[in-house]
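Secondary and tertiary structure notes
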Amino acid sequence: MNRRLIGVLGGTFDPIHRGHAQLARDAVSALALDEVRCVPAGNPPHRSAPIAGAADRLAMAQLAFADQPGVVIDDAEIRQPGPSWTILTLERLRTALPDAALVLIVGADAFLGLPTWHRWQDLIARAHLAVANRPGSNLDVAVMPQPLRNLFEAHRTTDITELHRSAAGCIVSFTMTPCAVSATQIRSAVRQGQPIADLVATPVENYIRHHHLYI
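My aim in this report is to walk through the structure given alongside it, one point at a time. (Residues numbered from 1 in each chain as written. Predicted model: local features only at pLDDT ≥ 70, side-chain atom pairs only at ≥ 80, totals over all residues. Heavy atoms only, no water.)

**Looking at the overall build of the protein**
Scanning the protein from terminus to terminus reveals 10 helices and six strands. Computed over its C-alpha atoms, the radius of gyration of the protein comes to 17 Å, within 12% of the 17 Å expected for a compact globule of 215 residues. Projected onto its principal axes, the C-alpha coordinates of the protein cover approximately 50 × 35 × 30 Å. Scored against the burial criterion, the 215 residues of the protein give a buried share of 49%. Residue pairs at least 24 apart in sequence account for 76% of intrachain contacts in the protein once pairs closer than 6 positions are excluded. Carbon and sulfur atoms provide 51% of the accessible area of the protein, an area that totals close to 10,100 Å². For the protein, the distance from the average site of its 19 positive side-chain charges to the average site of its 19 negative ones is 3 Å. (Helix = DSSP H or I, 4+ residues; strand = E, 2+ residues; numbered from the N terminus. Rg over C-alpha atoms; globule rule 2.2 N^0.38 Å. Buried < 20%, exposed > 50% of the residue type's maximum accessible area, 1.4 Å probe, protein only. Contact = heavy atoms within 4.5 Å. Areas by Shrake-Rupley, 256 points an atom, 1.4 Å probe, with all protein chains shown as cover. Lys, Arg positive; Asp, Glu negative; His and termini not counted. Charge placed at Lys NZ, Arg CZ, Asp CG, Glu CD.)

As structure tokens, then:
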């Protein structure tokens, strides 16, 4: 069965920036994704509370991807009460899209921290995992904790076509275009009155300025 490939890109997006947009583009190109679901976290459990409110982060995500075809903003985590567990998002999407293959897009650093995620060993049964490597910095099996290494070695593949043949269960990697930008850097620049035009899309910059975020 040649399933549709639906990428899932979650994050706090506080704020969403050009690196996130580049990651989505690179994932679509490298993995031949049919769609990317951008899922802003409502209440991220693994970090301190976001500075911008949920409504502002959702609005910025909508602005950032307004001109990027194939990206759908998913507000379910924003609307739901309680922690924004990734496994619950995947279970919801699996129910809503039973015939599609889900591809959870994560950075290499996030992948190495996977054992700290809620029900992390269940993720691979709900989705494929696509790990984005920075150029010249590929996943190193030697630095993985043993349970994660076992998962990686059992499920990794270099054959992207395998993603179409099953709804979940593969781990693939791809290299993303260099884009040295972080949300922390943007928030700091705004506080100091520095320009951020190179860091976020113009509509996002305008939103931040108009709503006096991060000052």
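**A closer look at the nonpolar core**
Counting 42 residues, the largest nonpolar core has Ile 16 and Met 60 as the members making the most contacts within it. The dominant element in this core, judged by the number of residues it contributes, is helix 1 (residues 18-31), at five residues. Leave out the neighbours within four places in its chain, and Met 60 touches Pro 15, Ile 16, Ala 52, Val 204, Tyr 207, Ile 208, Leu 213 and Tyr 214. Core analysis: the next-biggest nonpolar cluster, separate from the first, contains 28 residues, Ile 87, Leu 93, Leu 139 and Leu 151 among them. (Core = buried A, V, L, I, M, F, W, Y, C linked by side-chain atoms within 4.5 Å.)

**Considerations on the packing of aromatic side chains**
Inspection of every chain in the model, using the stated rule, returns one aromatic pair. Look at Phe 111 and Phe 152: their rings are 5.9 Å apart centre to centre, the planes differ by 65°, and that puts the pair in the edge-to-face class. Of this pair, Phe 111 sits in helix 5 (residues 108-112) while Phe 152 sits in helix 7 (residues 146-155), and the two are 41 residues apart along the sequence. (Phe/Tyr/Trp six-rings, centres within 6.5 Å; stacked < 30°, edge-to-face > 60°.)

**Topic: the sheet that holds strand 1 (residues 5-11)**
Pairing within the open sheet is parallel, and its six strands lie in the order 3-2-1-4-5-6. With partners counted over all chains shown, the strands left at the sheet margins are strand 3 (71-73) and strand 6 (171-175), one partner each. Averaged over all pairs of adjacent strands, the angle between their axes in this sheet comes to 30°, without regard to strand direction. Looking at chain direction, strand 1 and strand 4 (residues 101-107) are connected through four bridges and run parallel. In the sheet register, Gly 7 faces strand 4, and the bridge partner there is Val 103. Contacting strand 1, strand 2 (35-40), strand 4, strand 5 (128-133) and strand 6, helix 1 crosses the sheet at an angle of about 115° to strand 6. (Pairing = 2+ DSSP bridges. Axes fitted to C-alpha atoms, helices over the stretch in contact; angles between N-to-C directions.)

**Here's the deal with the packing of helix 2 (residues 54-64) against helix 10 (residues 202-210)**
The N-to-C vectors of helix 2 and helix 10 enclose an angle of 155°; their axes lie 8 Å apart at closest approach. It follows from the interaxial angle that helix 2 and helix 10 lie roughly antiparallel. Judged by the sense of rotation from one axis to the other, the crossing of helix 2 with helix 10 is right-handed. Taken together, the residues of helix 10 that come into contact with helix 2 (itself represented by Ala 55, Asp 56, Ala 59, Met 60, Leu 63 and Ala 64) are Pro 203, Val 204, Tyr 207 and Ile 208. For the contact of helix 2 with helix 10, a count of residues per class yields nine nonpolar, no polar and one charged. (Parallel < 35°, antiparallel > 145°, perpendicular 65-115°, else oblique. Left-handed = near helix turned anticlockwise from the far one by under 90°. Nonpolar A, V, L, I, M, F, W, Y, C, P; charged D, E, K, R; others polar.)

**Looking at the side chain of Arg 57**
Within the secondary structure, Arg 57 is located in helix 2. One buried charge, Arg 57, has no salt-bridge partner; the nearest side chain with opposite charge is Asp 14, at 4.8 Å. At 2.7 Å, the side chain of Arg 57 and the backbone oxygen of Ala 41 are in polar contact. Excluding residues that lie within four positions of it along the chain, Arg 57 makes contacts with Thr 12, Phe 13, Asp 14, Ala 41, Gly 42, Pro 50, Ala 52 and Ile 78. (Salt bridge = Lys/Arg side-chain N within 4 Å of Asp/Glu carboxyl O. Polar contact = N/O pair within 3.5 Å; in protein donor to acceptor, adjacent residues only side chain to side chain.)

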